[in-house]
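If you want the building blocks of each chain, they are given just below.
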Amino acid sequence: MSAHAKSISLTVNGTRVEASVPPRQHLGDFLRERELLTGTHLGCEHGVCGACTILIDGEPARSCITFAVACDGRSVTTVEGLDDDPVAAELREAFSAEHGLQCGFCTPGMLVAARDVVLRRPDADNPAIRTAMSGNLCRCTGYVGIVNAIRRVIDARNTNAG
């Protein structure tokens, strides 16, 4: 361990991870380079585009502007950690059906953010979905398919709950 590295212990996708990291290493770089979780995409690296969105203790966060050392003792979930998540599965199916995917670069962050919208805002109408997703940018789709996919999942879950 170098003189400036810090030891951290965190849970990544349900697995305990202990590592020595530089104090200023961003979580996105840690996840991609050390943990080889390349589903977390780094776009702007300024916290603006949302491609790097992951969950920290269940809350969406930008991994490009979060230091790995700040996650010591916390739980981190990447898009890979949502493989068995039922809401994420519904969203993946809906994104495909509604053509909410094109190049795929923004998709991991979109899925993580969309999952939060579905769980946190089951009453969201289309303008509310657009507002909730406004921190995730897509250069390909025009957002209609993304909004329709989220709407589809919200409507299906509300119908099944009622």
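Residues numbered from 1 in each chain as written. Predicted model: local features only at pLDDT ≥ 70, side-chain atom pairs only at ≥ 80, totals over all residues. Heavy atoms only, no water.

### Quick notes on the sheet that holds strand β2 (residues 15–21)
Turning to step 1, where the next piece is worked out: The strand order β2-β1-β5-β3-β4 describes an open sheet built from five strands, whose pairing is mixed. For this open sheet the edge positions go to β2 and β4 (59–62), each flanked by a neighbour on one side alone. Looking at each pair of strands side by side, their axes are set apart by 40° on average, direction ignored.
Turning to step 2, where the next piece is worked out: For strand β3 (residues 53–56) and β4, the ladder comprises four bridges, and the chain directions are antiparallel. Paired with I56 across the strands is E59, a residue of β4. (Pairing = 2+ DSSP bridges. Helix = DSSP H or I, 4+ residues; strand = E, 2+ residues; numbered from the N terminus. Axes fitted to C-alpha atoms, helices over the stretch in contact; angles between N-to-C directions.)

### A few points about the side chain of H41
Turning to step 1, where the next piece is worked out: In this fold, H41 is placed in the loop between α1 (27–34) and β3.
Turning to step 2, where the next piece is worked out: H41 has contacts with R32, A51, C52, G104, F105 and P108, leaving out every residue within four places of it along the chain. (Contact = heavy atoms within 4.5 Å.)

### Re the domain arrangement of the protein chain
Turning to step 1, where the next piece is worked out: Each assigned domain of the protein chain is listed here: domain 1 (6–81) and domain 2 (86–161).
Turning to step 2, where the next piece is worked out: Summarising the inter-unit geometry, the C-alpha centres of domain 1 and domain 2 are found 22 Å apart.
Turning to step 3, where the next piece is worked out: Counting from both sides, the interface comprises 14 residues of domain 1 and, opposite them, 11 residues of domain 2.
Turning to step 4, where the next piece is worked out: Inspection of the region where domain 1 meets domain 2 yields zero salt bridges.
Turning to step 5, where the next piece is worked out: Between the two partners, domain 1 and domain 2, sit four residue pairs in polar contact (both at pLDDT 80 or more).
Turning to step 6, where the next piece is worked out: When contributions to the side of domain 1 that touches domain 2 are tallied by element, the ones reaching two or more residues are β3 and β4. (Domains from an automatic or database assignment. Salt bridge = Lys/Arg side-chain N within 4 Å of Asp/Glu carboxyl O. Polar contact = N/O pair within 3.5 Å; in protein donor to acceptor, adjacent residues only side chain to side chain.)

### What to know about helix α2 (residues 86–97)
Turning to step 1, where the next piece is worked out: The terminal C-alpha atoms of α2, which comprises 12 residues, lie 17 Å apart, in line with the 16 Å expected from a rise of 1.5 Å per residue.
Turning to step 2, where the next piece is worked out: The set of residues buried in α2 consists of V87, A88, L91, A94 and F95. For α2, the arc enclosing every buried residue in end-on projection is 125°, short of the 170-degree limit, so these residues lie on one face. Structural note: α2 exposes P86 and E93 on the side pointing more than 90 degrees away from its buried face.
Turning to step 3, where the next piece is worked out: Against the buried residues of α2 lie α3 (107–120) and α5 (144–161). (Expected span 1.5 Å × (residues − 1). Buried < 20%, exposed > 50% of the residue type's maximum accessible area, 1.4 Å probe, protein only. Arc of directions from axis to C-beta.)

### Side note on the pattern of salt bridges
Turning to step 1, where the next piece is worked out: Inspection of every chain in the model, using the stated rule, returns eight salt bridges.
Turning to step 2, where the next piece is worked out: The residue E98 makes a salt bridge to R152 at a minimum N-O spacing of 2.8 Å. Within this pair, whereas E98 is found in the loop between α2 and α3, its partner R152 is found in helix α5, the two being separated by 54 residues in sequence.
Turning to step 3, where the next piece is worked out: Judged by relative accessible area, which is 21%, E98 ranks as partly exposed.

### Describing the packing of α2 against α5
Turning to step 1, where the next piece is worked out: Between α2 and α5, the least distance of the axes is 8 Å, while the angle of their chain directions is 135°. Taken together, α2 and α5 sit at an angle that is classed as oblique. Of the two elements, α2 crosses α5, and the hand of that crossing is right-handed. Together, V87, E90, L91, A94, F95 and A97 of α2 and I146, A149, I150, R152, V153 and R157 of α5 make up the contact between the two elements.
Turning to step 2, where the next piece is worked out: Among the residues forming the contact of α2 with α5, the class breakdown is nine nonpolar, no polar and three charged. (Parallel < 35°, antiparallel > 145°, perpendicular 65-115°, else oblique. Left-handed = near helix turned anticlockwise from the far one by under 90°. Nonpolar A, V, L, I, M, F, W, Y, C, P; charged D, E, K, R; others polar.)

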